[in-house]
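# Report on the structure
So you can see what is in the structure, the chains are spelled out below.
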Amino acid sequence: MKTLKTFFAILSVAFIAFSCSSNDDNKPEAIKYAEENPLDAYMAGSGFSQKAVDVKNSGIYEYGFSFKPTVTGKINALIVKIPDVNGALRITLWDAATKTVIKSETVNVATANVTIEKTITPIALTKDKEYFFTVNSDDWINRTKTDGSAATYPIVAGNITITGYAYISSTATETVFPTNARNTYYAGDMTFKFQQTE
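In short, a report on the structure. Model, not experiment: these values are computed from the prediction. (Residues numbered from 1 in each chain as written. Predicted model: local features only at pLDDT ≥ 70, side-chain atom pairs only at ≥ 80, totals over all residues. Heavy atoms only, no water.)

### Details of the sheet that holds strand β13 (residues 186-188)
Neighbouring strands of a sheet are bound in pairs by backbone hydrogen bonds; such pairs are parallel or else antiparallel. Which entries qualify depends on this criterion: Pairing between strands is defined by DSSP: at least two bridges between the two strands are required. Every helix listed is a DSSP run of H or I at least four residues long, and every strand listed is a run of E at least two residues long, numbered separately from the N terminus. Axes, fitted as lines to C-alpha atoms, cover a helix only where it is in contact. Angles between the N-to-C directions of the axes lie from 0 to 180 degrees.
One open sheet holds the three strands; their spatial order is β2-β9-β13, and the pairing between them is antiparallel. Each edge of the open sheet carries a strand with a single partner, namely β2 (51-55) and β13. Averaged over all pairs of adjacent strands, the angle between their axes in this sheet comes to 25 degrees, without regard to strand direction. Two elements, β2 and strand β9 (residues 140-144), share five bridges in a ladder whose sense is antiparallel. When the sheet's bridge partners are listed, Val55 is paired in β9 with Trp140.

Here is the structure:
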């Protein structure tokens, strides 16, 4: 009888250990979302992919686009392509509501008209909060529709909704929030890699 009780006790412990191990193995893995770059969808949705003209040394401006993420996520990298070299191209993320800088980074554009990607310490973005993404430069690629007509905002680009484009005259040393909205062109190219986190 004592042997039988010992046998059942060992069997019970083995079953509990197996059950716990089995439960750990069945836990779903955390979802890792793919990174997305909203620029192509923005250009297609606006029609600004139709015509591109390089503009160089044409006065310094702070220019870019406002957007809202439709999910909580983060920016992992900055992407830029301009028609001239710039060893310290400044790219800035703003809080659109308060017009305050969240983060500025510099990118070394060593070759004109070559896409440069810079991985950064991730910047968290809140779902449905509006941000502004700008670059400070005297060079850009001016993108328009072939007929010069206006785009209609907002433009859905994956999990990013582009809400507008604006610019303001600036200097190389100052960072000024763009207030001159335009819907007939986009000056670029600058964008980012966004990754949903939840």
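There's more to say after this.
### Topic: the nonpolar core
Soluble globular proteins tend to bury their nonpolar side chains together. What counts is decided by this rule: Among the buried residues, those of types Ala, Val, Leu, Ile, Met, Phe, Trp, Tyr and Cys that are joined through side-chain atoms within 4.5 Å form a nonpolar core. Categorising residues by exposure relies on relative accessible area from a 1.4 Å probe, with only protein chains included: less than 20% of the type maximum marks a residue as buried, more than 50% marks it as exposed, and the intermediate range marks it as partly exposed. Throughout, a contact is declared for two residues whenever any of their heavy atoms are within 4.5 Å.
Judged by nonpolar contacts, the single largest core of 39 residues is most densely connected at Tyr42 and Phe67. With residues up to four places along the chain from it excluded, the contact list for Phe67 reads Ile75, Leu93, Leu125, Lys129, Glu130, Tyr131, Phe133, Ile160, Thr161, Ile162, Thr163 and Phe192.

### Overview of the pattern of salt bridges
The test is simple: What counts as a salt bridge is simple: a side-chain nitrogen of Lys or Arg found within 4 Å of a carboxyl oxygen of Asp or Glu.
One pass over the structure, following the stated rule, counts seven salt bridges. Put simply, Lys129 and Asp95 hold a salt bridge, and the shortest N to O gap is 2.6 Å. Highlighted residues: Lys129 in the loop between β7 (116-125) and β8 (131-137) and Asp95 in strand β5 (residues 86-95), separated in sequence by 34 residues. Among the residues examined, Asp95 registers a relative accessible area of 11% and is labelled buried. A salt bridge links Lys103 to Glu105; its shortest N-O distance comes to 3.7 Å. For Glu105, a relative accessible area of 15% puts it in the buried group.

### Topic: the sheet that holds strand β14 (residues 190-196)
Within the open sheet, the four strands sit side by side as β1-β14-β4-β7. Their pairing is antiparallel. Of all the strands in the sheet, just β1 (35-36) and β7 have a single pairing partner and so form its edges. Where strand β4 (residues 73-80) meets β14, seven bridges bridge the pair, whose relative direction is antiparallel. Counterpart to Leu78 in the pairing with β14 is Phe192.

### Notes on the environment of Asp147
We count it as follows: N or O atoms within 3.5 Å of each other form a polar contact, as long as, within protein, one can give a hydrogen and the other can take it, and as long as residues adjacent in sequence are counted only when both atoms are side-chain atoms.
Structurally, the position occupied by Asp147 is in the loop between β9 and β10 (155-157). One polar contact links Asp147 to Ser149, side chain to side chain, over a distance of 2.8 Å.

### Details of the environment of Val156
With respect to the helices and strands, Val156 occurs in strand β10. Given a relative accessible area of 60%, Val156 falls into the exposed group. In the structure, Val156 is positioned 87 residues away from Pro69 in sequence and 9.8 Å away in space, judged by C-alpha atoms. When near neighbours in sequence (up to four residues on either side) are disregarded, Val156 contacts Ala41 and Thr161.

### Observations regarding the packing of aromatic side chains
Here is the rule we go by: Two aromatic rings, drawn from Phe, Tyr or Trp (for Trp, its six-membered ring), form a pair once their centres lie within 6.5 Å of each other, and the interplanar angle then sorts them: stacked below 30 degrees, edge-to-face above 60, tilted otherwise. Two limits define a charge over a ring: the Lys NZ or Arg CZ must be within 6 Å of the ring centre, and within 35 degrees of the ring normal.
With the rule as written, the count across this model stands at 16 aromatic pairs. Between Tyr42 and Tyr153, the aromatic rings sit 6.2 Å apart at their centres with planes inclined by 55 degrees, giving tilted as the arrangement. Taken together, the residues Tyr42 in helix α2 (residues 39-46) and Tyr153 in the loop between β9 and β10 connect sequence positions 111 residues apart. Summarising the burial analysis for this pair, Tyr42 and Tyr153 share the class buried. Measuring from centroid to centroid gives 5.7 Å for Tyr63 and Trp140, while their planes differ by 65 degrees, and the two rings are edge-to-face. You can see Tyr63 sitting in strand β3 (residues 61-69) and its partner Trp140 sitting in strand β9, a full 77 residues away along the chain. Comparing Tyr63 with Trp140, the two get one shared label, buried. One aromatic cluster is present, built from ring pairs that chain together Tyr42, Phe65, Phe67, Tyr131, Phe133, Tyr153, Tyr165, Tyr185, Tyr186 and Phe192. Positioned above the aromatic ring of Tyr131, the side-chain terminus of Lys129 is 5.8 Å from the ring centre.

Function cannot be inferred from these measures alone, as they are strictly geometric.
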